[in-house]
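Report on the structure
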Amino acid sequence: IVRLINQLVKKRGTRLHPGALECLLALRIRDVDLDADADLKHKKRQEEKHKKRIVNLSKKEKKRAKKLKEVEKELLETEARENSEARKKQLTEVTKTVFHIYFRILKTAPKSQLLEAVLNGLANEIILVAIVLI
């Protein structure tokens, strides 16, 4: 929806009804992490290295099977974290797009009827991002 609103803003510019931007005020974005991509990749690589090291170090079949089960359990937990990380990534992209919309309108049409909706939206988003960062 945010992408469609972005396209609408590109097409119509100042001829857009402020209600189209006021619906962005309903977004409640709490889990935003702007540096999550690099962190997620690093954690995934570390866990894969850990799994390989455990499998290679075990010499008896029983120990290997036991440790392999433990590692698989950890990987399942990691997948659950990755789902939450994917959600955070999506929310981060939504937040970036919303800010892009607001700043595009401020830059191209600072004296339009959309100014009130943009300023309300910016205030709302900045407060939400500040709460997340605290």
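These numbers come from a predicted model, not from an experiment.

Cut-offs applied
Residues numbered from 1 in each chain as written. Predicted model: local features only at pLDDT ≥ 70, side-chain atom pairs only at ≥ 80, totals over all residues. Heavy atoms only, no water. Helix = DSSP H or I, 4+ residues; strand = E, 2+ residues; numbered from the N terminus. Buried < 20%, exposed > 50% of the residue type's maximum accessible area, 1.4 Å probe, protein only. Contact = heavy atoms within 4.5 Å. Areas by Shrake-Rupley, 256 points an atom, 1.4 Å probe, with all protein chains shown as cover. Patch = residues over 30% accessible without salt bridge, like charges linked within 9 Å, V, L, I, M, F, W, Y side chains within 5 Å. Salt bridge = Lys/Arg side-chain N within 4 Å of Asp/Glu carboxyl O. Lys, Arg positive; Asp, Glu negative; His and termini not counted. Charge placed at Lys NZ, Arg CZ, Asp CG, Glu CD. Arc of directions from axis to C-beta. Phe/Tyr/Trp six-rings, centres within 6.5 Å; stacked < 30°, edge-to-face > 60°. Core = buried A, V, L, I, M, F, W, Y, C linked by side-chain atoms within 4.5 Å.

Our next topic: the overall build of the protein chain. When its secondary structure is counted, the protein chain shows 5 helices and 0 strands. Counting from the amino terminus, the protein chain carries its helices and strands in the arrangement α-α-α-α-α. Out of the 134 residues belonging to the protein chain, those deemed buried represent 27%. The contacts in the protein chain between residues at least 6 apart in sequence include a share of 73% that link residues at least 24 apart. Entry remark: accessible area of the protein chain is about 10100 Å², with carbon and sulfur atoms responsible for 55%.

There is a patch of like positive charges on the surface, built from Lys41, Arg45, Lys49 and Lys89. Top element by residues in the positive patch is helix α3 (residues 36-57). It accounts for 3 residues. The class for Lys41 is exposed, based on a relative accessible area of 55%.

With that out of the way, let us pick up the pattern of salt bridges. The full count for this structure, using the stated rule, is 1 salt bridge. Among the ionic pairs, Lys96 bridges to Glu93, the shortest N-O distance being 4.0 Å. Of this pair, Lys96 and Glu93 both sit in helix α4 (residues 61-108), 3 residues apart, roughly one helical turn. In this structure Glu93 comes out as partly exposed when scored by relative accessible area, which is 38%.

The set of residues buried in helix α1 (residues 2-12) consists of Val2, Ile5, Asn6 and Val9. Buried residues of α1, seen end-on, are gathered within an arc of 105 degrees and therefore sit on one face of the element. Opposite the buried face of α1, by more than 90 degrees, sit the exposed residues Arg3, Leu4, Lys10 and Lys11. The first or second residue beyond α1 is Gly13, which carries a positive phi of 65 degrees.

Moving on, we get to the environment of Tyr102. Topologically, Tyr102 is positioned in helix α4. On the accessibility criterion, Tyr102 (0% relative accessible area) is buried. With 17 residues separating them along the chain, Tyr102 and Leu119 place their C-alpha atoms 8.1 Å apart. With residues near it in sequence (within four places) discarded, Tyr102 still touches Leu21, Leu24, Leu25, Ala117, Val118, Gly121, Leu122 and Glu125.

All right, on to the packing of aromatic side chains then. All told, the structure shown has 1 aromatic pair when counted by the stated rule. Summarising the aromatic geometry, the rings of Phe99 and Phe103 are spaced 6.1 Å apart at their centres and angled 15 degrees between planes, so their arrangement reads as stacked. Here Phe99 pairs with Phe103, and both are found in helix α4, just 4 residues apart, close to one helical turn. On the basis of relative accessibility, which here comes to 46%, the residue Phe103 falls in the partly exposed class.

Ranked by size, the top nonpolar core spans 15 residues in total, and within it Val9, Leu21, Leu24, Ile101 and Ile105 carry the most contacts. Counting only elements with at least two residues in this core, the list comes to α1, α2 (19-22), α4 and α5 (115-133). Tallying contributions element by element places α4 first for this core, with 4 residues. Ignoring anything within four residues of it in the chain, the contact list for Val9 reads Leu16, Leu21, Ile101, Arg104 and Ile105.

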